[in-house]
Amino acid sequence: MGKKSRRANRRQRKNNSPSQPNHRSRGTEDFLHFSDEVENFARALLNVQTAQWAYEESAHDVDLPMPLREILSVDIQTLLGPLEEMEWAYSYIEADGPTPAKTARGANWTAPIIPGILSHLAEIAGDSDLPFREQANQNGLKDREITERKNLEATAHCPRGAECKVRRVTWPGRDLGPACWRHVTDDEKTELSLIYDSAVTELECRGCHASPGKQCTEDTPRMTRIDGYYSPIRSFNKRKVHRVRLSDYAETLAGQR
Ligand SMILES: [Zn+2]
Ligand SMILES: [Zn+2]
């Protein structure tokens, strides 16, 4: 594409871009400022390259040292291409473009998002999907809950034993197990082993798709994300079960009460 038509295109896009942000997006003003400066830089770079080209073509007594010669090899398009993608992304967000909660492969996303992922989400979006900002808020909340839960599990050390630093066991239906695997009582050990076994016997695993009676496996290309995330394996007393299978089982128990 020639210089002129590229500039004309940019002017055209500028008119479509969010010059009057309605605050559906975060960072629009700062982005527009940044985008202007990159354009100024690109224009200046073009002038430098033109002058340098003229110098090199002319008869001259002093050769250009290497770092200066390298200016010619900087490709303005490598800056402007991504800038255009960002401009598109902000326009989409400002226009409340429908944005699915997950990617086609079921992955949760959070803001800030890279333009390539947003463009993928826009492609698979349906009319019932929420506007970007609302969906981003929901996804952010979900992500924070999962992080907090992970932190809780990682930091809630076993309360039994002298300064035992081992994680508590995962007990389906409870936020935290009573103790670590070494400090649960014999009764608790029997009860929890039975829960892990029953989850395997009675339910299919929605994570690894092991059918009822089959053990969970980490070695499958068929792992399915649950609510945007891969379910981790939980081990107890030589049993290994995906957490989602355990929580599904806890729900069936709660339903029976
Ligand atoms: Zn312990
Ligand atoms: Zn499983």
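Residues numbered from 1 in each chain as written. Chains lettered and ligands numbered in written order. Predicted model: local features only at pLDDT ≥ 70, side-chain atom pairs only at ≥ 80, totals over all residues. Heavy atoms only, no water.

## Digging into the confidence of the model for the protein chain
Detailed conclusions should not be drawn from predicted coordinates in areas where pLDDT is low. Worth spelling out the cut-off: You can read pLDDT as the predictor saying how much it trusts each residue, on a scale of 0 to 100. Any pair of residues with heavy atoms lying within 4.5 Å of one another is described as a contacting pair.
Per-residue confidence for the protein chain gives a mean pLDDT of 88, with 91% of residues at or over 70. This stretch, residues 1-19, has a pLDDT under 50; its non-local contacts, to residues over four places away or in other chains, come to 26 contacts.

## Focus on the coordination of the zinc ion (ligand 1)
Using the following cut-off: Distances decide who is a donor: an N, O or S atom must be within 2.8 Å of the metal, or within 3.2 Å for Na, K and Ca. Water is not included, so sites may look incomplete. Only four donors with every angle between 85 and 135 degrees are called tetrahedral; only four or six donors with opposite donors over 155 degrees apart and all others between 65 and 115 are called square planar or octahedral, in that order; all others are irregular. Counting from the N terminus, the helices are DSSP H or I runs at least four residues long and the strands are E runs at least two residues long. Each residue's exposure class comes from its accessible area (1.4 Å probe, protein chains only) as a fraction of the maximum for that residue type: buried when under 20%, exposed when over 50%, partly exposed otherwise.
Only Cys158 (SG), Cys164 (SG), Cys180 (SG) and His183 (ND1) from the protein coordinate the zinc ion (ligand 1), and they sit 2.1 to 2.3 Å from it. Taken together, the 4 donor atoms surrounding the zinc ion (ligand 1) define angles of 100 to 115 degrees at the centre, an arrangement classified as tetrahedral. All donor residues of the zinc ion (ligand 1) come from one chain, and their arrangement in sequence is C-x5-C-x15-C-x2-H. Residue Cys158 is located in the loop between helix H6 (132-155) and helix H7 (186-202), and its partner Cys180 is located in the loop between H6 and H7; the two are separated by 22 residues in the primary sequence. Given the relative accessible area of 6%, Cys158 is considered buried.

## Observations regarding the coordination of the zinc ion (ligand 2)
Binding of the zinc ion (ligand 2) to the protein goes through Cys205 (SG), Cys208 (SG), Cys216 (SG) and His242 (ND1), at separations of 2.1 to 2.3 Å. One chain supplies every donor to the zinc ion (ligand 2), and in sequence these donors are spaced C-x2-C-x7-C-x25-H. With Cys216 in the loop between H7 and strand E1 (233-236) and His242 in strand E2 (residues 239-242), this residue pair connects regions lying 26 residues apart in the sequence. What makes Cys216 buried here is its relative accessible area of 12%. The class of His242 is buried, set by a relative accessible area of 2%.

## Examining the side chain of Glu188
What counts here: Pairs of N or O atoms within 3.5 Å make up the polar contacts considered here, provided that, within protein, one atom can donate a hydrogen while the other can accept it, and that residues adjacent in sequence are counted only when both atoms are side-chain atoms.
Relative to the elements of secondary structure, Glu188 occurs in helix H7. Taking the relative accessible area as the measure of exposure, Glu188 reaches 16% and is therefore buried. Separated by 2.9 Å, the side chains of Glu188 and Arg160 make a polar contact. Glu188 has contacts with Arg160, Trp171 and Pro178, leaving out every residue within four places of it along the chain.

## Considerations on the packing of aromatic side chains
As a reminder, the rule being used: Paired rings are identified among Phe, Tyr and Trp, the last through its six-membered ring, by centres lying within 6.5 Å, and are further divided according to the angle between planes into stacked (under 30 degrees), edge-to-face (over 60) and tilted (the rest).
For the coordinates displayed, the defined rule picks out 4 aromatic pairs. Their ring planes at 20 degrees and their centres at 5.2 Å tell us that Trp109 and Phe132 sit as a pair that is stacked. Of this pair, Trp109 sits in the loop between helix H4 (77-94) and helix H5 (115-124) while Phe132 is found in helix H6, placing the two residues 23 residues apart along the sequence. Assessed through its relative accessible area of 5%, Trp109 is described here as buried. Overall, the relative accessible area of 4% leaves Phe132 in the buried class.

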